[in-house]
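This is what each chain is made of:
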Amino acid sequence: PNGHKILADGTHLVCDASHHAVLKLDAEGKSLPHASSVCDGKPLRGPNDLTLDTPNGGFYFTDPGDSGINNLIGTVHYVDKSGMTHHCAGGFAYPNGIVLTPDGKRILMAESQKNRVLEFPVLSPGKLGEYKVFAELPKKADPEQIDNQPDGMCLDAAGNLYVAHYG
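Residues numbered from 1 in each chain as written. Predicted model: local features only at pLDDT ≥ 70, side-chain atom pairs only at ≥ 80, totals over all residues. Heavy atoms only, no water.

What follows is about the packing of aromatic side chains. In this description, an aromatic ring pair is defined by two values, namely the gap between the centres and the angle between the planes. Applying the stated criterion to the full structure yields five aromatic pairs. Between the aromatic rings of Tyr60 and Tyr78, the centroid separation amounts to 4.5 Å while the plane-to-plane angle is 55°, which identifies the pairing as tilted. Taken as a pair, Tyr60 in strand β8 (residues 58–63) and Tyr78 in strand β9 (residues 74–79) lie far apart in primary sequence, 18 residues in all. Residue classification places Tyr78 among the buried positions, given a relative accessible area of 2%. By way of ring pairs, the aromatic residues Phe92, Phe120 and Tyr131 are connected into one cluster. (Phe/Tyr/Trp six-rings, centres within 6.5 Å; stacked < 30°, edge-to-face > 60°. Helix = DSSP H or I, 4+ residues; strand = E, 2+ residues; numbered from the N terminus. Buried < 20%, exposed > 50% of the residue type's maximum accessible area, 1.4 Å probe, protein only.)

Next up, the structure:
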């Protein structure tokens, strides 16, 4: 398991690459039907992290699967309040941490294998515009020893972005 959020009703969402799904658990940890396991009729590869879109009753999640610098197949998805999974964006080198800004107008996403954070405008729930690079992250001098990859992210109450970063 990787990304995890607790909903207002006490249920849990957990990104689980080994199950190729976003799991849903009740407040006591009992498995419920998956929150997401397919998009457009195709199974998910390996969900990694998620962010809630509380006002609209949905959530965004990253699905890096086997993506990487030489296999740009990583994706971002949105699960709406009815439980339908929508493809939002793709072509990434290991999409990882993801956050929705408090105003609901931007998504920030760590693209691990390019060592950067991308910013997408939210056009409407589940609809993202073209991304831009929000931040190129620092690199250690010896890439043989240090990975230089962003992982999980969060925002504080003032809107500052915190990035867990290998390297």
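Back to the text.
The next point concerns the pattern of salt bridges. As enumerated under the stated definition, the model contains two salt bridges in all. As a salt-bridge pair, Arg106 and Glu119 come within 3.5 Å of each other at their nearest N and O atoms. Taken together, the positions of Arg106 in strand β12 (residues 106–111) and Glu119 in strand β13 (residues 116–124) put the pair 13 residues apart, joining distant regions of the chain. Between Glu111 and Arg116 there is a salt bridge, with the nearest N and O atoms lying 2.7 Å from each other. (Salt bridge = Lys/Arg side-chain N within 4 Å of Asp/Glu carboxyl O.)

Take the side chain of Asn48 next. Of note, Asn48 is situated in the loop between β6 (42–43) and β7 (50–53). The buried category is assigned to Asn48, whose relative accessible area is 5%. In this view, Asn48 contacts Asn2, Gly3, Cys15, Thr62, Pro64, Tyr94, Pro95, Asn96 and Gly97; residues no more than four positions away in its chain are not counted. (Contact = heavy atoms within 4.5 Å.)

Turning next to unusual backbone geometry. The phi angle at His20 is positive, at roughly 50°, despite the residue not being glycine. Turning to its location among the elements, His20 is positioned in the loop between β2 (12–16) and β3 (21–25). Despite not being glycine, Asn115 shows a phi value in the positive range, around 55°. Along the chain, Asn115 falls in the loop between β12 and β13.

Let us now look at the nonpolar core. In terms of nonpolar packing, the biggest core is built from 14 residues, with Tyr60, Val76, Phe92, Ile107, Phe120 and Leu128 touching the most fellow members. Elements with a contribution of two residues or more to this core: β9, β10 (85–92), β11 (95–100), β12 and β13. Once residues lying within four places of it in the same chain are set aside, the contact partners of Phe92 are Ser67, Asn71, Leu72, Ile73, Gly74, Thr75, Val76, Met109, Glu111, Leu118, Phe120 and Tyr131. Formed by ten residues, the second largest nonpolar core is a distinct cluster that contains Ala35, Cys39, Leu50 and Phe61. (Core = buried A, V, L, I, M, F, W, Y, C linked by side-chain atoms within 4.5 Å.)

No statement about biological role is implied by the geometric values presented.
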